[in-house]
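One-letter residues, chain by chain:
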Amino acid sequence: MTQRGRLVVISGPSGAGKTTVCRALRRDPRVQFSVSATTRRKRDGEVDGVDYRFLTQAGFDAALARDEFLESATYNGNRYGTLRAPMEEALAAGRVFVLEIEVQGTRQLRARGVDGIYVFVVPPSLAELERRIRARGQNTEEEIADRLRIAEEELRAKDLYDHVIENDDLDRALAEVRRVIGL
Ligand code: ADP
Ligand code: 5GP
């Protein structure tokens, strides 16, 4: 019988480097990433079904009513949710299933006692976080201000996580992430 896989939750404030860390993890064939549903608009270069399942508000409500989400949350006015079915399939197949979600979603998983390895990626400082968000060049001034405000709140939630990893040097942080999730 195949050994059941493990669930990994990765969170961290916007700009901390989650996407960069996850991009490196994606190259590992033992790893499968959760494709979340969201109501936010698709950014340039994003592909439906790969980066997210892009849903309308009504589509999201319908999936919620069918109890398809393991957790869901509203972040910055948009809705996001983790779909249960792909997760069950991946765990049954023995894979490492990675959720990249924000803090409210993590709180729901903890409240439900969902077993997993919970990792929080943090920036070296708020000033460096702001520099990275600006350097990424994807957000308006208003969005940047919102994300920094949310980041300050999110940083207070680090007790929800088993491992808090500072993304100062990317290679070092990545090595630490791999170690704590057993890859
Ligand atoms: P998140 O997914 O957490 O919002 P990203 O992975 O998009 O964050 O990273 C935000 C920006 O910071 C990107 O432009 C990325 O290239 C850069 N970045 C990520 N990690 C580091 C690091 N260790 N040092 C410097 N810049 C980084
Ligand atoms: P973005 O819109 O920048 O892709 O993501 C915004 C935030 O939503 C990020 O913190 C990301 O981790 C989080 N997120 C993405 N998918 C989900 C999900 O399914 N559930 C929850 N709770 N958060 C998610």
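Caption draft 1: Main features of the site of ligand 2. Neighbouring ligand 2 are 16 residues, the closest being Ser36, Arg40, Tyr52, Tyr80 and Glu102. Separating an oxygen atom of ligand 2 from a side-chain N or O atom of arginine 40 is a distance of 2.6 Å. Considered on its own, ligand 2 offers 510 Å² of accessible surface; in the complex 93% of this is hidden by protein. When each cavity is represented as a set of grid points, ligand 2 is found to reside in the largest pocket.

Caption draft 2: Summary view of the site of ligand 1. Surrounding ligand 1, one finds 13 residues, the nearest of these being Gly15, Thr19, Thr20, Arg136 and Asn167. In this structure, arginine 132 approaches ligand 1 through a side-chain N or O atom, which is 3.2 Å from a nitrogen atom. In this structure, a nitrogen atom belonging to ligand 1 sits 3.4 Å away from a main-chain N or O atom of leucine 170. When ligand 1 sits alone it has 570 Å² of accessible area, and the protein chains cover 77% of it.

Caption draft 3: Representation of the layout of surface pockets. Within this model, the largest pocket holds a volume of roughly 1200 Å³. Along the wall of the largest pocket there are 39 residues; nearest its centre are Thr19, Arg40, Arg43, Tyr52 and Glu100. Taken together, the elements giving at least two residues each to the lining of the largest pocket come down to helix H1 (18-25), strand S5 (69-75), strand S6 (78-83), helix H5 (126-136) and helix H6 (141-155). The greatest single-element share of the lining of the largest pocket, amounting to 5 residues, is contributed by H1.

Caption draft 4: Region of interest: the packing of aromatic side chains. Counted under the stated rule, the structure contains 5 aromatic pairs. Aromatic pair tyrosine 52 and tyrosine 80: ring centres 5.9 Å apart, planes at 55 degrees, arrangement tilted. Note that tyrosine 52 is positioned in the loop between strand S3 (37-38) and strand S4 (53-54) and tyrosine 80 in strand S6, a separation of 28 residues in sequence. We classify tyrosine 80 as buried; its relative accessible area is 15%. With 6.3 Å between their ring centres and 75 degrees between their planes, tyrosine 75 and tyrosine 80 make a pair best called edge-to-face. By the burial criterion, tyrosine 75 is buried, and tyrosine 80 matches it. Connected via pairs of aromatic rings, a cluster forms that spans Tyr52, Phe54, Tyr75 and Tyr80. If you follow arginine 26 out to its NZ or CZ, it ends over the ring of phenylalanine 33, 4.1 Å from the centre.

Caption draft 5: Here's a closer look at the side chain of threonine 39. Assignment of secondary structure puts threonine 39 in the loop between S3 and S4. On the accessibility criterion, threonine 39 (16% relative accessible area) is buried. One polar contact links the side chain of threonine 39 to the main-chain amide nitrogen of arginine 79, over a distance of 2.9 Å. With sequence-adjacent residues up to four places away left out, threonine 39 is seen in contact with Leu55, Thr56, Gln57, Phe60, Asn78 and Arg79.

Caption draft 6: Summary view of the packing of H5 against H6. In contact at an axis separation of 11 Å, H5 and H6 are set at 145 degrees when each is read in the N-to-C sense. Pair H5 / H6 crosses with right-handed handedness. When H5 is examined against H6, the residues Leu126, Leu129, Glu130, Ile133, Arg134 and Arg136 are found in contact with a partner set consisting of Glu141, Ile144, Arg147, Leu148, Ala151, Glu152 and Leu155. Here the residues of the contact of H5 with H6 sort into 7 nonpolar, no polar and 6 charged.

Caption draft 7: Region of interest: helix H7 (residues 170-181). The first and last C-alpha atoms of H7 sit 17 Å apart over 12 residues, in line with the 16 Å expected at 1.5 Å per residue. All buried positions along H7 are accounted for by Ala173, Leu174, Val177, Val180 and Ile181. Taken end-on, H7 shows its buried residues confined to a sector of 130 degrees, consistent with a single buried face. Along H7, the residues that are exposed and aim more than 90 degrees away from the buried face are Asp171 and Arg179. Along its buried surface, H7 packs onto strand S1 (6-11), H1, strand S8 (117-122) and strand S9 (163-166). Where H7 terminates, the next one or two residues include glycine 182, which has phi positive at roughly 75 degrees.

The rules behind these values
Residues numbered from 1 in each chain as written. Chains lettered and ligands numbered in written order. Predicted model: local features only at pLDDT ≥ 70, side-chain atom pairs only at ≥ 80, totals over all residues. Heavy atoms only, no water. Near = heavy atom within 4 Å. Polar contact = N/O pair within 3.5 Å; in protein donor to acceptor, adjacent residues only side chain to side chain. Areas by Shrake-Rupley, 256 points an atom, 1.4 Å probe, with all protein chains shown as cover. 1 Å grid on protein atoms, 1.4 Å probe; cavity = no way out; pocket = protein on both sides within 12 Å on 5 of 7 lines; lining within 4 Å. Sits in = over half its atoms within 2 Å of the grid points. Points joined across faces, edges and corners; volume = space filled by probe spheres on them. Helix = DSSP H or I, 4+ residues; strand = E, 2+ residues; numbered from the N terminus. Phe/Tyr/Trp six-rings, centres within 6.5 Å; stacked < 30°, edge-to-face > 60°. Buried < 20%, exposed > 50% of the residue type's maximum accessible area, 1.4 Å probe, protein only. Lys NZ or Arg CZ within 6 Å of the ring centre and 35° of its normal. Contact = heavy atoms within 4.5 Å. Axes fitted to C-alpha atoms, helices over the stretch in contact; angles between N-to-C directions. Left-handed = near helix turned anticlockwise from the far one by under 90°. Nonpolar A, V, L, I, M, F, W, Y, C, P; charged D, E, K, R; others polar. Expected span 1.5 Å × (residues − 1). Arc of directions from axis to C-beta.

Limitation: the analysis is restricted to geometry and does not speak to function.
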